[in-house]
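One letter stands for each residue in the lines below.
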Amino acid sequence: MNEQQFLGLWKNIHAIFGMDGMGSNRLEAFNSCLDRVSHIAPEAGDFILERFRDFDRLPLNMGKAVQDAYDLWRSRQKRNRQPTENLFKRKGCERCIDGYIYASRTSGGGYEYVYPFGCGHCGQGNDSFPEMTREQLSRAGYVIRMPLESPEVCEIETSCREY
Ligand SMILES: [Zn+2]
C-alpha cells in the first residue's frame, strides 16, 4: 500500500469516528505508520476498513490496529485459497504421497531407516529415486512407512483445521 492508498484508508477510518485525519496532530501519527503499512496489499484496504467499523473508538496505536486487521485478512485469504492450491499442487496417486512411497528396513545394527522410493504405481516421483510399488517393497523386506497414511488423511486434516 503506497502513501496515497494509505491516505485514502486513513481518511476513511477517521471518518468512521467522525474525525478529520488530516489535523496536524494526526499527520504525525499518519507518518509514523507509513513504514509499517508499506508491505500491506492494497486490496486488503476494504477489509481493514470494515474491521475498524467494529471498534468503539479510534485505536491509539493505528499502525498496530491496521497490522492486526491485515494479519486477519491474510489468514482468511490463505484459508480460502488452501483447498484449491492443494488440489493443484498434489501429484501422485492414492498409493503414494506426491509420487513417493516411504518404506523402512532395519539395518544389521538394529536401526530402522526410512527411505523414499519413487511410486511404482503412478511413476510421478523424481527419477533419482528407485521406483517401486508397495508390493515390490514388501517383498523386498521393507515396511511401508508413510508420513501420513494417505493423501486423503491430510485432506481431512486440512478441512478440520478450518473450523
Ligand atoms: Zn503414486
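Quick caveat, the model's predicted, so the values are computed rather than measured. (Residues numbered from 1 in each chain as written. Predicted model: local features only at pLDDT ≥ 70, side-chain atom pairs only at ≥ 80, totals over all residues. Heavy atoms only, no water.)

J.: Would you mind going over the overall build of the chain in detail, with residue names and values included?
T.: A count of helical and extended segments in the chain gives six helices and four strands. Helices and strands in the chain line up, N terminus first, as α-α-α-α-β-β-β-α-β-α. For the chain, the proportion of contacts with a sequence separation of at least 24, taken over those separated by at least 6, is 57%. Accessible surface computed for the chain: about 10500 Å², of which carbon and sulfur atoms make up 48%. (Helix = DSSP H or I, 4+ residues; strand = E, 2+ residues; numbered from the N terminus. Contact = heavy atoms within 4.5 Å. Areas by Shrake-Rupley, 256 points an atom, 1.4 Å probe, with all protein chains shown as cover.)

J.: An account of the pairing of strand S2 (residues 112-119) is needed here, citing residue identities and associated values.
T.: As judged from the seven bridges shared by strand S1 (residues 100-106) and S2, these two strands associate in the antiparallel manner. Opposite Tyr 100, over in S2, you have Gly 118 as the bridge partner. Two strands pair when backbone bridges link them, and S2 and strand S3 (residues 131-132) are joined in this way by two bridges, in the parallel orientation. The partner of Cys 119 across the bridge, within S3, is Met 132. (Pairing = 2+ DSSP bridges.)

J.: Which residues make up the coordination of the zinc ion, and what values do they have?
T.: Coordination of the zinc ion by the protein involves Cys 93 (SG), Cys 96 (SG), Cys 119 (SG) and Cys 122 (SG), with metal-donor separations of 2.2 to 2.4 Å. Coordination at the zinc ion comes from four donor atoms whose angles at the metal span 108 to 112°, giving a geometry best classed as tetrahedral. Expressed as a motif, the donor residue spacing for the zinc ion is C-x2-C-x22-C-x2-C. Residue Cys 96 is located in the loop between helix H4 (62-89) and S1, and its partner Cys 119 is located in strand S2; the two are separated by 23 residues in the primary sequence. Its relative accessible area of 1% is what places Cys 96 among the buried residues. (Donors = N, O, S within 2.8 Å, 3.2 Å for Na, K, Ca; no water. Tetrahedral: all angles 85-135°; square planar, octahedral: opposite > 155°, others 65-115°. Buried < 20%, exposed > 50% of the residue type's maximum accessible area, 1.4 Å probe, protein only.)

J.: Describe the environment of Leu 49, listing the residues and the values that go with them.
T.: By secondary structure assignment, the location of Leu 49 is in helix H3 (residues 45-53). Between the alpha carbons of Leu 49 and Asn 12 there is a distance of 7.3 Å; along the sequence they are 37 residues apart. Sequence-distant contacts of Leu 49, defined by excluding residues within four places in its chain, comprise Leu 9, Asn 12, Ile 13 and Ile 16.

J.: So what's going on with the packing of helix H1 (residues 3-16) against H3? Residues and values would help.
T.: Helix packing for two helices is described by the angle between their axes and how far apart those axes are. Close contact between H1 and H3 brings their axes to 9 Å; oriented N to C, the two are set at 20°. With respect to their mutual orientation, H1 and H3 come out roughly parallel. At the point where H1 passes H3, the crossing takes the right-handed sense. Note on element contacts: H3 touches H1 through Gly 45, Ile 48, Leu 49, Phe 52 and Arg 53, opposite Leu 9, Asn 12, Ile 13 and Ile 16. Of the residues in the contact of H1 with H3, the class split is six nonpolar, two polar and one charged. (Axes fitted to C-alpha atoms, helices over the stretch in contact; angles between N-to-C directions. Parallel < 35°, antiparallel > 145°, perpendicular 65-115°, else oblique. Left-handed = near helix turned anticlockwise from the far one by under 90°. Nonpolar A, V, L, I, M, F, W, Y, C, P; charged D, E, K, R; others polar.)

J.: Describe the packing of H1 against helix H2 (residues 24-37), and please don't skip the residues or the numbers.
T.: The N-to-C vectors of H1 and H2 enclose an angle of 130°; their axes lie 11 Å apart at closest approach. Considering their axes alone, H1 and H2 lie oblique with respect to each other. Note on packing geometry: the crossing formed by H1 with H2 is right-handed. Touching Glu 3, Phe 6, Leu 7, Trp 10 and His 14 of H1 are Arg 26, Ala 29, Phe 30, Cys 33, Leu 34 and Val 37, all from H2.

J.: Which residues make up the confidence of the model for the chain, and what values do they have?
T.: Per-residue confidence for the chain averages 85 on the pLDDT scale, and 84% of its residues sit at or above 70. Within the chain, helix H5 (residues 134-139) carries the highest mean pLDDT (96), whereas helix H6 (residues 151-161) carries the lowest (43). Predicted confidence is poor over residues 150-163, with pLDDT under 50, and the contacts of this stretch with residues over four places away or in other chains come to 15 contacts. (pLDDT = per-residue confidence, 0-100.)

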